[in-house]
Structures are given as structure tokens and as C-alpha cells.
Amino acid sequence: MLPEINDILFATDLSKNSDNALRYALSTARAYGAGVHVLHVTEPLSQDAIVTLQMFLQDDESRKKAIGDRHASVKEMLRKNQQDFVQLLPESEKQDYSVVKSVELVDGHSAEVILQRASELNCQLIVMGTHEQGTGHTFIGTVVKRVLRRSSIPTLIIPNTA
């Protein structure tokens, strides 16, 4: 029996190669009649960043606002990234983006969030791109390696073509 793919999780780091990987996710979705869930994960602030915030923003409310502003800023970057992606598609392919069921930003550790959301959304495939630096094993990226090691569903890795 051939595999059935109804939902695809596309994990983006908002890089140029992620746009290339999204094309593969959309193409696969079109071939299977599947939906695509776009996910970007923001890593928690490092201990150094927290200490820096505490040094420069003494007020707890100001720190909370700065962290909230960070999240809002990344959310806007994700929205703009998806908007720009659609605008750059040839007119004949713009309707392919209609298979995107959701676009979300989640705070957490990338690999864990990707695997958790893929499970929660009942995805049958994860699509990710490699880092901008290259496609060799060394440059595949820590997040991609962690997802590949722990994923119980097929994961498609799109090499950097630049």
C-alpha cells in the first residue's frame, strides 16, 4: 500500500533555502492532496541574554515587554516572509499556497517543538531545509540532525541550492 500523506509540517528558519524547501512542501502537498502547516520556532533566551536584560532593564514589566516585543517582531518577520514568498511565485503557482492550513510561531527548543507539533497535527511528513553554509553533513544543522534522529515519520531535507 502506498503511503498516505494528508498533512505536512514545514519547519522554516526564514532563510532563503527555507523558501526553496517550502516549494518542495507545496509540490508534495499538491501531489498528495495534502495540507501544509508552516512552523517557525524561536529559541528561548540564553542565560547571557537574560542577564543582559536584567542589567539594562531593572523593571520586571520592562523585561516582560522586551520579551513580548521580541516575539511580536519575529511573528511579523514570519508573516512578511510568507507574504514575500507568495508574491515571488509565478502567477500560475500562487494558488498552490492555498494548501497552507496554518502559519505559526512557537517558542521553545526547535527540534522538540517541530517533533511535538508534527505529532499534534498528525502530520505524515516533515520538510526542512539545510543551513545556508552548505549541504555537507557538517553543515546540515543541529536542529535537522536532532529531528532526523528522533522523528518517527519521514523527514524530507532539502539541500541548499545557492
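Residues numbered from 1 in each chain as written. Predicted model: local features only at pLDDT ≥ 70, side-chain atom pairs only at ≥ 80, totals over all residues. Heavy atoms only, no water.

K.L.:
So what about the overall build of the chain? Which residues, and what values?
P.N.:
Within the chain, the secondary structure is distributed over 5 helices and 5 strands. For the chain, the sequential pattern of α-helices and β-strands runs β-α-β-α-α-β-α-β-α-β. Taking all 162 residues of the chain together, the buried fraction comes to 41%. Here the analysis covers contacts within the chain between residues at least 6 apart in sequence; of these, 77% occur between residues at least 24 apart. (Helix = DSSP H or I, 4+ residues; strand = E, 2+ residues; numbered from the N terminus. Buried < 20%, exposed > 50% of the residue type's maximum accessible area, 1.4 Å probe, protein only. Contact = heavy atoms within 4.5 Å.)

K.L.:
Summarise unusual backbone geometry; cite the residues concerned and give the values.
P.N.:
The backbone of Leu-14 sits at a positive phi, close to 70°, despite the residue not being glycine. Summarising the element assignment, Leu-14 is placed in the loop between strand S1 (7-11) and helix H1 (16-32). Residue Leu-14 is classed as buried on the basis of its relative accessible area of 18%. A positive phi angle, near 55°, is found at Asn-122, a position not held by glycine. Examined against the element boundaries, Asn-122 turns out to sit in the loop between helix H4 (110-120) and strand S4 (125-129). What makes Asn-122 exposed here is its relative accessible area of 53%.

K.L.:
Any chance you could break down the layout of surface pockets for me, citing the residues and the numbers?
P.N.:
A water-sized probe, rolled over the atoms, reveals where empty space remains. By volume, the largest pocket is sized at about 240 Å³. Together, 16 residues line the largest pocket, and Thr-12, Asp-13, Ser-110, Met-128 and Val-143 are the ones closest to its centre. Of all the secondary-structure elements, those providing two or more residues to the lining of the largest pocket are strand S2 (35-42), H4, S4 and helix H5 (142-150). If you tally residues by element for the lining of the largest pocket, the top one is S2, at 3 residues. Each residue belonging to the lining of the largest pocket can be placed in one class, and the counts come to 8 nonpolar, 7 polar and 1 charged. (1 Å grid on protein atoms, 1.4 Å probe; cavity = no way out; pocket = protein on both sides within 12 Å on 5 of 7 lines; lining within 4 Å. Points joined across faces, edges and corners; volume = space filled by probe spheres on them. Nonpolar A, V, L, I, M, F, W, Y, C, P; charged D, E, K, R; others polar.)

K.L.:
Help me get a handle on the confidence of the model for the chain, residues and values and all.
P.N.:
In this model, the chain carries an average pLDDT of 88, and 89% of its residues clear a pLDDT of 70 or more. Across the chain, S1 holds the top mean pLDDT of 98, while helix H2 (residues 47-56) sits lowest at 70. Here residues 134-139 is a poorly scored stretch, pLDDT under 50, and it has 9 contacts once near neighbours within four places are set aside; other chains count. (pLDDT = per-residue confidence, 0-100.)

K.L.:
Hey, could you go over the environment of Asn-81 for me, with residue numbers and the actual values?
P.N.:
Its place among the elements puts Asn-81 in helix H3 (residues 60-88). Look at Asn-81 and you get buried, because its relative accessible area is 12%. Sequence spacing of Asn-81 and Asp-19 is 62 residues, and the spatial spacing of their C-alpha atoms is 8.6 Å. If we skip the residues at most four places from it in the chain, Asn-81 touches Leu-14 and Asp-19. A distance of 2.9 Å separates polar atoms of two side chains, one belonging to Asn-81 and the other to Gln-82. (Polar contact = N/O pair within 3.5 Å; in protein donor to acceptor, adjacent residues only side chain to side chain.)

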